[in-house]
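Descriptive structure summary
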Amino acid sequence: MKNAVIGNNKQKANLIVLGAVPRLLYLLQQSSSSLELRTECAVVLGSLAMGTENNIKSLVDCHIIPALLQGLLCSDLIFIEACLRCLRTIFISPVTPVQLLYTDPTVIPHIMSLLSRSQHTQEYITQIFAHCCKTPEHQMVLFNHGAIQNIAPLLISPSYKVRMQALKCFSVLAYENAQVSMTLVNVLVDGEQLSQVFARMMQRDKPIEMQLTAAKCLTYMCRAGAIRTDDNCIILKTLPCLVRMCSKERLLEERVEGAETLAFLMEPDIELQRIASVTDHLVSMLADYFKYPSSVSAITDIKRLDHDLKHAHELRQAAFKLYASLGSNDEDIRKKITETENMMDRIVSGLSESSIKVRLAAVRCLHSLSRSVQQLRTSFHDHAVWKPLMKLLQNAPDEVLVMASSTLCNLLLEFSPSKEPILESGVIELLCSLTQSDSPALRVNGIWALMNMAFQADQKVKVEIVRALGTEQLFRLLSDPDTNVLMKTLGLLRNLLSTRPHIDQIMSSHGKQIMQAVTLILEGEHSIEVKEQTLCILANIADGNTAKELIMTNDDMLQKIKYYMGHSNVKLQLAATFCISNLIWNEEDGSQERQDKLREMGFVDILHKLTQASDPSLCDRAKTAMQQYLA
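Think of each chain on its own: its residues are numbered from 1, step by step along the sequence as written. A pLDDT threshold of at least 70 governs which residues receive local features in this predicted model, and a stricter bar of 80 or more applies before side-chain atom pairs are shown or counted, although totals over entire chains, interfaces and linings include all residues. With hydrogens and water set aside, each side-chain value is computed from the structure's full complement of heavy atoms.

Taking an unreviewed UniProt entry as the reference, the protein chain is identified by name as Armadillo repeat-containing protein 8 belonging to Cyprinus carpio.

1. Notes on the overall build of the protein chain
Rules: Strands are runs of DSSP state E lasting at least 2 residues, helices are runs of H or I lasting at least 4, and numbering of each runs from the N terminus. Using C-alpha atoms as the atom set, the radius of gyration is obtained and then compared with a globule rule of 2.2 Å times the number of residues to the power 0.38. The buried label applies to any residue whose accessible area, calculated with a 1.4 Å probe on protein chains only, is under 20% of its type's maximum; exposed applies above 50%, and partly exposed to all values in between. In what follows, a contact means two residues having at least one pair of non-hydrogen atoms within 4.5 Å. In short, Shrake-Rupley with a 1.4 Å probe defines the accessible areas, and a residue's cover is counted only from the protein chains shown.
Broken down by element type, the protein chain carries 41 helices and two strands. Against the 2.2 N^0.38 benchmark of 25 Å for 631 residues, the protein chain shows a C-alpha radius of gyration of 33 Å, more extended than a compact globule. The dimensions of the protein chain, computed from C-alpha atoms along their principal axes, are 105 × 55 × 50 Å. When burial is assessed residue by residue, the protein chain has 55% of its 631 residues classed as buried. Residue pairs at least 24 apart in sequence account for 67% of intrachain contacts in the protein chain once pairs closer than 6 positions are excluded. Of the roughly 28300 Å² that the protein chain leaves accessible, carbon and sulfur atoms contribute 52%.

2. Looking at the state of the cysteines
Stated formally: Pairs of cysteine sulfur atoms within 2.5 Å are identified as disulfides in what follows.
Counting across every chain of the model gives zero disulfides. In this model C62 remains outside any disulfide bridge; the closest cysteine sulfur is found in C86, 12 Å from its own. On the basis of relative accessibility, which here comes to 30%, the residue C62 falls in the partly exposed class. Left unpaired, C169 is separated from the closest cysteine sulfur, that of C133, by 7.9 Å.

3. Some words on the layout of surface pockets
Where we set the bar: Definitions used throughout: a 1 Å grid over protein atoms alone; a cavity as a set of points that fits a 1.4 Å probe which cannot get out; a pocket as an open set with protein on both sides within 12 Å along at least five of seven lines; a lining residue as one with an atom within 4 Å of a point. Grid points are joined across faces, edges and corners, and a volume is the space filled by probe spheres set on the points. In this count, Pro and Cys sit with the nonpolar residues alongside Ala, Val, Leu, Ile, Met, Phe, Trp and Tyr, while Asp, Glu, Lys and Arg are called charged and the others, Gly among them, polar.
There is about 1300 Å³ of room inside the largest pocket. In terms of lining, the largest pocket is formed by 32 residues, of which the most central are S171, V172, K216, Y220 and E257. Here the lining of the largest pocket gets eight residues from one element, more than from any other, and that element is helix α17 (residues 252-266). Among the residues forming the lining of the largest pocket, the class breakdown is twelve nonpolar, seven polar and 13 charged.

4. Digging into the environment of L430
Position of L430 among the secondary structure elements: in helix α29 (residues 427-434). The exposure class of L430 is buried, given its relative accessible area of 15%. If near-sequence neighbours (up to four positions away) are discounted, L430 is found in contact with L393 and Q394.

5. A closer look at the nonpolar core
We apply this condition: The set of buried Ala, Val, Leu, Ile, Met, Phe, Trp, Tyr and Cys residues whose side-chain atoms join them within 4.5 Å is what this entry labels a nonpolar core.
Of all hydrophobic cores here, the largest spans 230 residues; its most connected members are L101, F198, L326 and L538. Of the residues forming this core, the biggest block, ten residues, is contributed by helix α15 (residues 208-223). In this view, F198 contacts L155, L167, F170, A214, C217, L218 and M221; residues no more than four positions away in its chain are not counted.

6. Points about helix α20 (residues 302-326)
Heads up, the condition is: Helices are assigned an expected span. That span is 1.5 Å times one less than the residue count. Here the bend at a residue means the angle between the axes of two seven-residue stretches, the one that ends at it and the one that starts at it.
With 25 residues, α20 should reach 36 Å at 1.5 Å per residue; the first-to-last C-alpha distance of 35 Å fits that figure. Along α20, the sharpest kink reaches roughly 50°, centred on K310.

7. With respect to the UniProt feature "repeat: ARM" (unreviewed entry) in the protein chain
Defined as follows: UniProt positions are given in the numbering used here, feature names are shortened, and annotations may be inferred rather than shown by experiment.
The UniProt record annotates "repeat: ARM" (unreviewed entry) at residues 19-55 and 469-511. Helix and strand shares over residues 469-511 are 79% and 0% respectively, and the end C-alpha atoms of the span are 16 Å apart.

8. Quick notes on helix α5 (residues 53-61)
A turn of α-helix holds 3.6 residues, and therefore any two residues three or four places apart point the same way. Rules: Each direction from the helix axis to a C-beta atom contributes to the arc, which is the arc of those directions.
Every buried residue belonging to α5 is among N55, I56, L59 and V60, and all of these are buried. The buried residues of α5 occupy one face: seen down the axis, they fall within an arc of 130°. Set apart from the buried face of α5 by more than 90 degrees, the exposed residues are N54 and D61. Where α5 is buried, its residues contact α2 (9-17), α3 (20-29), α4 (35-49), α6 (64-71) and α7 (77-91). Looking one or two residues past α5, H63 carries a phi angle of roughly 60°, positive in sign.

9. Some remarks on the packing of aromatic side chains
Selection rule: When the centres of two rings from Phe, Tyr and Trp lie within 6.5 Å, Trp using its six-membered ring, the rings pair. Their planes under 30 degrees apart give stacked, over 60 give edge-to-face, and anything left gives tilted. Whether a charge sits over a ring depends on NZ of Lys or CZ of Arg being within 6 Å of the ring centre and within 35 degrees of the ring normal.
Under the counting rule described, the total for this entry stands at six aromatic pairs. A ring pair is formed by Y175 and Y220, whose centres lie 4.9 Å apart and whose planes are at 70°; its orientation type is edge-to-face. With Y175 in the loop between α12 (160-174) and α13 (178-185) and Y220 in helix α15, this pair connects stretches of sequence that are 45 residues apart. Within the aromatic cluster, the residues linked to one another by ring pairs are Y175, Y220 and F264. Here K488 stacks its cationic end above the ring of W448, 4.2 Å away from the centre of that ring. We note R621 situated over the ring of F578; from NZ or CZ to the ring centre the distance is 4.5 Å.

10. Regarding the environment of A178
In this structure, A178 sits in helix α13. Linking A178 and A226, residues 48 residues apart in sequence, is a C-alpha distance of 7.1 Å.

11. Here we look at the pattern of salt bridges
The criterion, for reference: For this document, the term salt bridge refers to a Lys or Arg side-chain nitrogen within 4 Å of an Asp or Glu carboxyl oxygen.
Using the criterion set out here, one finds 29 salt bridges in the structure. A salt bridge links K321 to E260, with the nearest nitrogen and oxygen atoms 3.3 Å apart. In this pair, K321 sits in helix α20 while E260 sits in helix α17, placing the two residues 61 residues apart along the sequence. Take E260: its relative accessible area is 24%, and that puts it in the partly exposed class. A salt bridge links D330 to R274; the nearest nitrogen and oxygen atoms lie 2.6 Å apart.

12. Side note on unusual backbone geometry
A negative phi holds for most residues other than glycine; trans holds for most peptide bonds. For D190, which is not glycine, the phi torsion reads 55° and is therefore positive. Note on placement: D190 falls in the loop between β1 (188-189) and β2 (192-193). Positive phi is not limited to glycine here, since D280 has a value of about 50°. Along the chain, D280 falls in the loop between α18 (270-277) and α19 (282-287). What makes D280 partly exposed here is its relative accessible area of 45%.

13. Comments concerning the side chain of H138
Cut-off, in case you're wondering: Pairs of N or O atoms are called polar contacts if they sit within 3.5 Å, as long as, within protein, a hydrogen donor faces a hydrogen acceptor (for residues adjacent in sequence, only side-chain-to-side-chain pairs).
If you trace the backbone, H138 turns up in helix α10 (residues 136-144). Of the polar contacts made by the side chain of H138, one reaches the backbone oxygen of C132; its length is 3.2 Å. If we skip the residues at most four places from it in the chain, H138 touches V98, Q99, Y102, C132 and C133.

14. Re empty space enclosed by the protein
Tallying each qualifying case throughout the model produces one cavity of 30 Å³ or more. Here the largest cavity is characterised by a volume of approximately 30 Å³. Lining the largest cavity, in full, are V466, T471, L474, F475, L493, I506, H510 and I514. Among the secondary structure elements, those contributing two or more residues to the lining of the largest cavity are α32 (471-477) and α34 (500-523).

15. Focus: the packing of α12 against α13
Put simply, the test is: To obtain an axis, a line is fitted to C-alpha atoms, over the contacting stretch when the element is a helix, and the angle between two such axes runs from 0 to 180 degrees between their N-to-C directions. For classification purposes, angles smaller than 35 degrees are called roughly parallel, those larger than 145 roughly antiparallel, those between 65 and 115 roughly perpendicular, and all remaining angles oblique.
Remark: α12 packs on α13, axes separated minimally by 8 Å, with the N-to-C direction vectors making an angle of 135°. Comparing the axis directions of α12 and α13 gives the class oblique. Facing F170, L173 and A174 of α12, the residues of α13 in contact are V180, S181 and L184. A per-class count over the contact of α12 with α13 returns five nonpolar, one polar and no charged.

16. A few points about the environment of C246
Along the chain, C246 turns up in the loop between α16 (232-244) and α17. Relative accessible area serves as the criterion here: at 0%, C246 is assigned to the buried category. Leaving out residues up to four positions away in the same chain, C246 has contacts with R255, G258, A259, L282, M285, Y289 and L322.

Put into structure tokens, the structure is as follows:
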């Protein structure tokens, strides 16, 4: 059987169909079978597993994994190695549920104890761990069973395969895991710090796979806070190594992994972004990611060309991600990116690609560039970026929606020339529907975009926003559990209630509800920022001609303003004093009556006290208000 199936997928499938697997598993598990027989069974099963994904599914369905794990309890090394080799082949297949390794809690510690048996056990076990560590829970199980202490010495094993698999283990263990990363920093291998061992593995004479995986380990340790971003091993070793991986000499998957890892490394750090942007012409090197593979590619291997044509979209995705990361903070880098050949056209076509990952990466890149006032005014306008963006917002998955709507928020800022055409395209309904989403991020973005849209907008737009959103939804958002949603909703309300005719019109139709909402927030358990924003809305209402009566006839509200004028926080005192200032302003009808009423309520005494305040702006505001009484 063994000789028939080696290298012959058809024969493998035939044997499986004929029911050989349960029989082989039966012989493998019989203690009466000789060790030679059991080992041969494990070898044949391992060969069957080398076939197609369907073969693996059939093997897993026959419960091969528990049988092989049971086999590891035998003391014979050759049999153990055969079982591990078969397990390795099964676990590295994408169709195998990795959870099967963790079902029985005694398995991991037992496998750890087999690491010392031979180079083969080391290679297979580390390869199994590297493939089966997919979640934070998996990381912690391996960590708690001593993965770091047991695997670290393997980094200097005489076998390249063992060194490589051990390195891969560390990259999956450290990914987004602060506890593992902090532990790794202090590990010594043969008297040398682990970060030095990794740095040595990134030298140019080492195999590319090793350089790249070592760079990933250091990247993950850095992002988890275990290594500083200005550490030499990051700036002088890791970053340049990852930039090298982006060059055209590298294979497609190396270029993809290099770019994605580099994007992750420098995402939060402006200094690393600046260094990377001037390393090896990275910005123009990434432009090649969009031209690959071209008809004149030097790929002679037809299989390789076929593979690369199928995977070329991964290169585009990686380039967009890296551009997004590079341009997330620095204005000059953004300029450099948008001036790269046809960049804006590439982003625009990326937004409508069939691959969801490319669309997401392209919109991330666009979002990063949209943080620039200059780009909003120039390249974004020239390329009418808003059109494909609006199209992308129709029925996209949530993660794309979040990025696309964030970008839209920036395109709706008052200095953006795209604001007008977007308004005319009927975006308001779309944004209002986002505010009803279950995802807080989408609610925030929907309301944020409406807030930007309402800023210094004309009456027609404001009325349309209030109509489309509906007062019920507006007040639902004012009691949203997410503080960001609440803050942006208050911001929208503040922008709607600006300029007198607008204030009076909105308050005449919705005044009662708005005052109720203001009352609820000022009485509730909210942050200083939320209350300050609410008092600013109240100050805007106090600036209306007819609207201010809603405050003057509401003694409860006046008492609240009085309370906040005496609050311990200066921001709240300032906002409350501003309300009073607007209510008693001289040149307006009825100011005398309002001044008298507020004097009776004791406001003049408070203002007088505030003119002695230690905060200069509070002091000035109180004096300005006092002058209204003296004029």
